[in-house]
Amino acid sequence: MTARRRRKGRRKTAGGAARKTAGGAARKTAGGARRPWPASWQAPAIFAWGFLVHLVFLLASPELTTPVSAFFFGDSVRFLESARLALLGQHLDAGLPYHPPLVGWLMLPVWWLFEAPRAYVAAKLLMSLINAAGYALFFLLVRRRVPHALWICLLLPLSFGEMLLSAAAGSEAVYRLLLLALLAAGLERPWLAGMLHGAAALCRAEHLPFALLLLAVAAARPAWRGPALRSAAVALLLVLLPYAVVTHAALSDYNARHAGQLPEELPTLVPVSFYGPLNFALAQREEDVFFARRTLPPAPAGMSALDPRFPPHNELILHGYRIGLETIARDPLRFVRRSARKLAFSFQALGYGWTWRDLPNPGRWLRPPVDMAISSNPPYLLAVLALIAAGAWRLRAERALLLAGGVLLAYRLAVNVAFFPYLRSMMIVSPFWLLLLSTGLHAVAGRLHRALTPPRLFAALLVLLAAFHLTAFRDRRYLLDGERDERGLIIDDRPVTITFAGYR
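Residues numbered from 1 in each chain as written. Predicted model: local features only at pLDDT ≥ 70, side-chain atom pairs only at ≥ 80, totals over all residues. Heavy atoms only, no water.

Engineer: Sorry, what's going on with helix H12 (residues 222-257) here?
Structural biologist: For an α-helix, the turn length of 3.6 residues means that residues three or four places apart are oriented alike. The end-to-end C-alpha distance of H12 is 50 Å, a good match for the 52 Å that 36 residues give at a rise of 1.5 Å each. The sharpest bend along H12 measures roughly 40° and falls at Leu-240, with the proline Pro-242 sitting one to four residues further on. (Helix = DSSP H or I, 4+ residues; strand = E, 2+ residues; numbered from the N terminus. Expected span 1.5 Å × (residues − 1). Bend = angle between axes of the 7 residues up to and from the residue.)

Shown next as structure tokens:
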């Protein structure tokens, strides 16, 4: 063999080795573990797995064919009823915009295709699909920033709190998916971001001031100003303005029909809903920090539960923010104490356990009014907080991730302080702290034992939790205790205690 041929052979060998090495590196994650399947299949697999986990939870639920769940009593009945009446050409609450409309619109296909009780089942399956899509999109956002993001996102749907979001139709899962889509759209797709901002405001009214705050921040930076203004224009002109025109017509008609009955005319220009002032005033006036209407006089017979023709209701609907601020000004120290209590309770949302049994929490839960049930387990909550702190420290180099998650968490806490401290509201940010929790867990486990590599640790947790989750199909018994009405039925918008009573 000539020297030229030997050099050519060495070049071919070196090139093949380089391609082999590059191919091997591409098939490995940041921690050195081989990917279990090609990258193109990871997000669809997370979606399918998330839906399957929640499907198991739902199919084994004794309340599958009801519009709500013992563990999650929010606005599901209202969303489903508004959609059902809309198909009949009727309106809930005389067509007044008490609540943002998006989730009610999403329930329309449920009633197009099914009747009760199958419609209730379909609504819960739809929420499971929305949650599963959220896990897949969250993975796509964090996969390049967080080691072992695949394993972490496979664990997300096994959180008990996440399962509760699929147990009834609610705005939280829908709003979270829209926020994740907004993060994916970024400033590079201002038209899409504008549509998503508009949809998010029609899902949760508090998104509107949050979006305005983001616009102010973006406008202060020349590079962001143009895309931010285009997004705002799209949200206003293509989403919010058409909806405001529709509500203007409905409110003008209501004022005309009840001109001699209204103490004060309702405003006809409402960006999303006018339920906020009422809730803000009640949140400051009620004795406890949880949702209640004990300070709201009931309307006379013949009127609806919340009727603008009744003077006390009319005043709170129109001037609730002023009344709430006056309540705070009369006793600022009371407001501070209540705010601290609201913050402390909001952090209870971090204490949800795993699988249908909410492990390792005891089988006893308290469901606050119009909220999700929570189990008290202080040692576990403290351990979770410590692991979340460890995870945040481990990912301290990922400043954009921590900033985005931290801003969203602070925003949810601020809403809970201003209004009622809903746990379901906190669950909007749940994937962020579950990510930090999982990252902190493998950071601590790796220090305890060198063999506990993240793939081994997460795979073992996934198998064990999934295997236990399958026991959900056993016939379970729960006991409910709470305030009852004159017929002996539990009042669902009051505190309810739920106890796991074993298997039948």
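Engineer: Please explain the packing of aromatic side chains as it appears in this structure.
Structural biologist: By convention here, two paired aromatic rings are described through the distance between centres and the angle between planes. By the definition in use, this model includes 22 aromatic pairs. Geometrically, the ring pair formed by Phe-280 and Phe-419 is edge-to-face, given 5.8 Å between the ring centres and 70° between the ring planes. Here Phe-419 lies in the loop between helix H17 (399-418) and helix H18 (423-426) and Phe-280 lies in helix H13 (residues 275-285), a separation of 139 residues in the sequence. Judged by relative accessible area, Phe-280 falls into the buried class, the value being 10%. With a centroid separation of 5.4 Å and an interplanar angle of 75°, the aromatic rings of Phe-291 and Phe-420 are classed as edge-to-face. With Phe-291 in the loop between H13 and helix H14 (311-330) and Phe-420 in the loop between H17 and H18, this pair connects stretches of sequence that are 129 residues apart. Ring pairs connect the aromatic residues Phe-57, Phe-71, Phe-160, Tyr-352, Trp-356, Trp-365, Phe-468, Tyr-478, Phe-500 and Tyr-503, which therefore count as one cluster. The ring centre of Trp-224 lies 4.4 Å from the NZ or CZ of Arg-221, which sits over that ring. Sitting over the ring of Trp-393, Arg-396 keeps its end group 4.1 Å from the ring centre. (Phe/Tyr/Trp six-rings, centres within 6.5 Å; stacked < 30°, edge-to-face > 60°. Buried < 20%, exposed > 50% of the residue type's maximum accessible area, 1.4 Å probe, protein only. Lys NZ or Arg CZ within 6 Å of the ring centre and 35° of its normal.)

Engineer: Would you mind going over the side chain of Ser-438 with me for this structure?
Structural biologist: Positionally, Ser-438 belongs in helix H19 (residues 430-448). A residue is classified by how much of its surface remains accessible, and Ser-438, at 5% relative accessible area, is buried. Separated by 2.9 Å, the side chain of Ser-438 and the backbone oxygen of Leu-434 make a polar contact. In this structure Ser-438 touches Ile-152 and Phe-458, once residues within four positions along its chain are discounted. (Polar contact = N/O pair within 3.5 Å; in protein donor to acceptor, adjacent residues only side chain to side chain. Contact = heavy atoms within 4.5 Å.)

Engineer: Sorry if this is basic, but what is going on with the pairing of strand E1 (residues 364-367) here?
Structural biologist: Moving residue by residue along a regular strand, the side chains alternate between the two faces of the sheet. Covered by surrounding structure in E1 are Trp-365 and Arg-367 only, the residues Arg-364 and Leu-366 on the alternate face being uncovered. Across four bridges, the pairing between E1 and strand E3 (residues 496-503) is antiparallel. Directly across from Arg-367, in E3, lies its bridge partner Val-496. (Pairing = 2+ DSSP bridges.)

Engineer: How should the nonpolar core be read in this particular structure?
Structural biologist: One recurring pattern in soluble globular proteins is that nonpolar side chains are buried together. Core analysis: the biggest nonpolar cluster contains 112 residues, and Met-107 and Trp-433 have the highest contact counts within it. In terms of residue count, helix H6 (residues 118-142) provides more of this core than any other element does, 12 residues in total. Every residue in contact with Trp-433, bar those within four places of it in the chain, is listed here: Ala-349, Leu-350, Ile-388, Leu-409, Met-426 and Met-427. Leu-251, Leu-262, Leu-266 and Leu-278 belong to the second-largest nonpolar core, a separate cluster that totals 22 residues. (Core = buried A, V, L, I, M, F, W, Y, C linked by side-chain atoms within 4.5 Å.)

Engineer: How should the pattern of salt bridges be read in this particular structure?
Structural biologist: Per the stated rule, a full pass over the model turns up 15 salt bridges. Residue Glu-172 pairs with Arg-424 through a salt bridge whose shortest N-O separation is 2.9 Å. A residue pair is termed long-range when its members are at least 10 positions apart, and Glu-172 in helix H9 (residues 171-185) and Arg-424 in helix H18 qualify at 252 residues. Judged by its relative accessible area of 2%, Glu-172 is buried. Exposure remark for Arg-424: the relative accessible area of 6% places this residue in the buried category. In this structure, the salt-bridge partner of Arg-309 is Asp-307, at a minimum N-O distance of 2.8 Å. Like Asp-307, Arg-309 is buried. Connected through salt bridges with shared partners, the residues Asp-75, Glu-172, Arg-204, Glu-206, Arg-412 and Arg-424 form a single ionic network. (Salt bridge = Lys/Arg side-chain N within 4 Å of Asp/Glu carboxyl O.)

Engineer: Even after reading the chapter, I still don't get H17, so can you show me in this structure?
Structural biologist: In this model, H17 (20 residues) spans 28 Å end to end at C-alpha, consistent with the 28 Å of a helix rising 1.5 Å per residue. Along H17, the positions that sit buried rather than exposed are Leu-401, Gly-405, Leu-408, Leu-409, Tyr-411, Arg-412, Leu-413, Val-415, Asn-416 and Val-417.

Engineer: Would you mind going over the confidence of the model for the protein with me for this structure?
Structural biologist: A low pLDDT score tells you not to read the predicted coordinates there in detail. For the protein, the average pLDDT comes to 90, and 91% of its residues sit at 70 or higher. Taken together, the stretch residues 1-36 has pLDDT below 50 and engages in 15 contacts with residues farther than four places along the chain or on a different chain. (pLDDT = per-residue confidence, 0-100.)

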